[in-house]
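# Notes for the structure review
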Amino acid sequence: ETGVTQTPRHLVMGMTNKKSLKCEQHLGHNAMYWYKQSAKKPLELMFVYSLEERVENNSVPSRFSPECPNSSHLFLHLHTLQPEDSALYLCASSQEGKSGPRYTQYFGPGTRLTVL
Amino acid sequence: AQTVTQSQPEMSVQEAETVTLSCTYDTSENNYYLFWYKQPPSRQMILVIRQEAYKQQNATENRFSVNFQKAAKSFSLKISDSQLGDTAMYFCAFGLDTGTASKLTFGTGTRLQVTL
């Protein structure tokens, strides 16, 4: 596997279900991100992890719970979602620090989530 | 807060022709980065080109080049010799260093269709 991978690619869930999205980066990066992409809206930054610590949470409802067990893996745990949460969820990673190509984020293919 | 505006929701260009996508942004920061990302129908977001705000020279990557006008807060993308594979959504993004990670603010995107 190369780059940033995400599983599953598609997910359909009911409002009472609990599911998790997984992201894995194979680039040796130290920062990871969750974005929500809805039709005709800009990408919305949800969470940022740097060196496995959450450094940003953009007022995301508590029904979304991120987890970053190490610098290569990022999860988004979902529970009691609403139909308006249906969207494409993108994971990204970047290398932050004093050297190297800072700020450029590399994206995964996304998970298309449908909440019934 | 930063904002990014892409005023062209859709554009069309014939193969081998040149097309320019517009992007303007608003910020009070002086040091930042600008990006163009491409999202083909398969949904994988790919970096096209990036520009450091402190550099006066416009970035180029093969057929892709930018016109960066810092005072006007404008960052347009020019695609020369358009190819069918250039068909995609193009997102302009503004990047800011938060100290621990980079934070990207995206525009709403321009859908580019390359035709025969």
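Please refer to the structure higher up on the page.
None of these values were measured; they are calculated from a predicted model.

As a further point, take the overall build of chain A. Looking only at helices and strands, chain A features zero helices and eleven strands. Listed N to C, the secondary structure of chain A is β-β-β-β-β-β-β-β-β-β-β in terms of helices and strands. Relative to a compact globule of 116 residues, whose C-alpha radius of gyration would be 13 Å, chain A shows 14 Å and is just as compact. Seen along its three principal axes, the alpha-carbon backbone of chain A occupies a region of about 45 × 30 × 30 Å. When burial is assessed residue by residue, chain A has 48% of its 116 residues classed as buried. A sequence separation of at least 24 residues applies to 54% of the contacts in chain A between residues at least 6 apart. Here chain A carries 12 positive and 10 negative side-chain charges, and the mean point of each set is 6 Å from the other.

Contact with chain A, which involves 28 residues of that partner, is made by 20 residues of chain B. Counting every contact that joins chain A to chain B gives zero salt bridges. Of all the elements in the fold, those that place two or more residues in the side of chain A that touches chain B are strand 4 (31–37), strand 5 (44–50), strand 6 (53–57) and strand 9 (87–94) of chain A.

Another aspect to go through is the layout of surface pockets. The computed volume of the largest pocket comes to approximately 520 Å³. Lining the largest pocket are 22 residues, and of these A:Ala39, A:Lys40, B:Arg43, B:Met89 and B:Arg111 sit closest to its centre. Those elements that place two or more of their residues in the lining of the largest pocket are strand 10 (88–97) and strand 12 (110–115) of chain B. If you tally residues by element for the lining of the largest pocket, the top one is strand 10 of chain B, at three residues. Looking at the lining of the largest pocket residue by residue, the class counts come to nine nonpolar, seven polar and six charged. In this structure, the second largest pocket occupies an estimated 180 Å³ of space. Together, A:Pro42, A:Leu43, A:Glu44, A:Leu45, B:Ala1, B:Gln2, B:Lys103, B:Leu104, B:Thr105 and B:Phe106 line the second largest pocket. When contributions to the lining of the second largest pocket are tallied by element, the ones reaching two or more residues are strand 5 of chain A together with strand 11 (102–106) of chain B.

On to the side chain of B:Ser65. Residue and element names in this part refer to chain B. Mapped onto the elements, serine 65 comes out in strand 8 (residues 64–69). Under the relative-accessibility criterion, serine 65 is labelled buried at 17%. For serine 65, the contacting residues outside a window of four places in its chain are Ile49, Ala59, Thr60, Ser76, Leu77 and Lys78.

Here we come to the pairing of strand 2 (residues 10–13) of chain A. Residue and element names in this part refer to chain A. Burial of the side chains of strand 2 is restricted to one face: Leu11 and Met13 are buried, whereas none of His10 and Val12 on the reverse face is. In the sheet, strand 2 pairs with strand 11 (residues 111–115) via four bridges, with the strands oriented parallel. Bridge pairing in strand 11 places valine 12 opposite threonine 114.

B:Tyr25, B:Tyr32, B:Trp36, B:Phe75, B:Leu77 and B:Tyr90 are the most contacted members of the largest nonpolar core, which has 26 residues in total. Those elements that provide at least two residues to this core are strand 3 (19–21), strand 5 (33–39), strand 6 (46–52), strand 8, strand 9 (74–79), strand 10 and strand 12 of chain B. Among the elements that take part in this core, strand 10 of chain B stands out by supplying five residues, more than any other. Apart from residues lying up to four places away in sequence, B:Phe75 is in contact with B:Cys23, B:Tyr25, B:Leu34, B:Phe35, B:Trp36, B:Gln51, B:Val66, B:Asn67, B:Phe68 and B:Cys92. In terms of nonpolar packing, the next biggest core, distinct from the first, is built from 22 residues, A:Val4, A:Leu21, A:Trp34 and A:Ala87 among them.

Right, let's get into the state of the cysteines. What the rule picks out here adds up to two disulfides over all chains. A:Cys68 takes part in no disulfide bond, and the closest cysteine sulfur, belonging to A:Cys91, lies 9.0 Å away.

Using the criterion set out here, one finds six salt bridges over all chains in the structure. A:Arg63 serves as the salt-bridge partner of A:Asp85, at 2.7 Å between the closest nitrogen and oxygen. Note that A:Asp85 is positioned in the loop between strand 8 (73–79) and strand 9 and A:Arg63 in the loop between strand 6 and strand 7 (64–70), a separation of 22 residues in sequence. Here B:Lys55 makes a salt bridge to B:Glu52, at a shortest N to O gap of 3.9 Å. Residue classification places B:Lys55 among the partly exposed residues on the basis of a relative accessible area of 39%.

Calculation rules
Sequence order as written defines the numbering, with residues in each chain counted from 1. Here every chain gets a letter starting at A, and every ligand a number starting at 1, in the order they are written. Two thresholds apply to this predicted model, a pLDDT of at least 70 for residue-level local features and 80 or more for giving and counting side-chain atom pairs, whereas whole-chain, interface and lining totals are computed over all residues. For the side-chain quantities, the full set of heavy atoms in the structure was used; hydrogens and water were omitted. Strands are runs of DSSP state E lasting at least two residues, helices are runs of H or I lasting at least four, and both sets are numbered from the N terminus onward. When we talk radius of gyration, it's over C-alpha atoms, and the globule rule is simply 2.2 Å times the number of residues to the 0.38. Burial classes: relative accessible area under 20% of the type maximum marks a residue as buried, over 50% as exposed, and values in between as partly exposed (1.4 Å probe, protein chains only). When checking whether two residues touch, look at their non-hydrogen atoms; a contact exists if any pair is within 4.5 Å. Charge assignment: positive for Lys and Arg, negative for Asp and Glu; neither His nor the chain ends contribute. Positions of charges follow a simple convention, taking NZ of Lys, CZ of Arg, CG of Asp or CD of Glu. Salt bridges are defined by distance alone: a side-chain nitrogen of Lys or Arg within 4 Å of a carboxyl oxygen of Asp or Glu. Using only the protein atoms, space was sampled on a 1 Å grid; points where a 1.4 Å probe fits but cannot get out form cavities, open sets with protein on both sides within 12 Å along at least five of seven lines form pockets, and lining residues are those with an atom within 4 Å of a point. Grid points are joined across faces, edges and corners, and a volume is the space filled by probe spheres set on the points. Each residue is assigned to one class: nonpolar for Ala, Val, Leu, Ile, Met, Phe, Trp, Tyr, Cys and Pro, charged for Asp, Glu, Lys and Arg, and polar for all the others, Gly among them. By this definition, two strands are paired if DSSP reports at least two bridges between them. In plain words, nonpolar cores are sets of buried Ala, Val, Leu, Ile, Met, Phe, Trp, Tyr and Cys residues tied together by side-chain atoms within 4.5 Å. Throughout, a disulfide means two cysteine sulfur atoms within 2.5 Å of one another.

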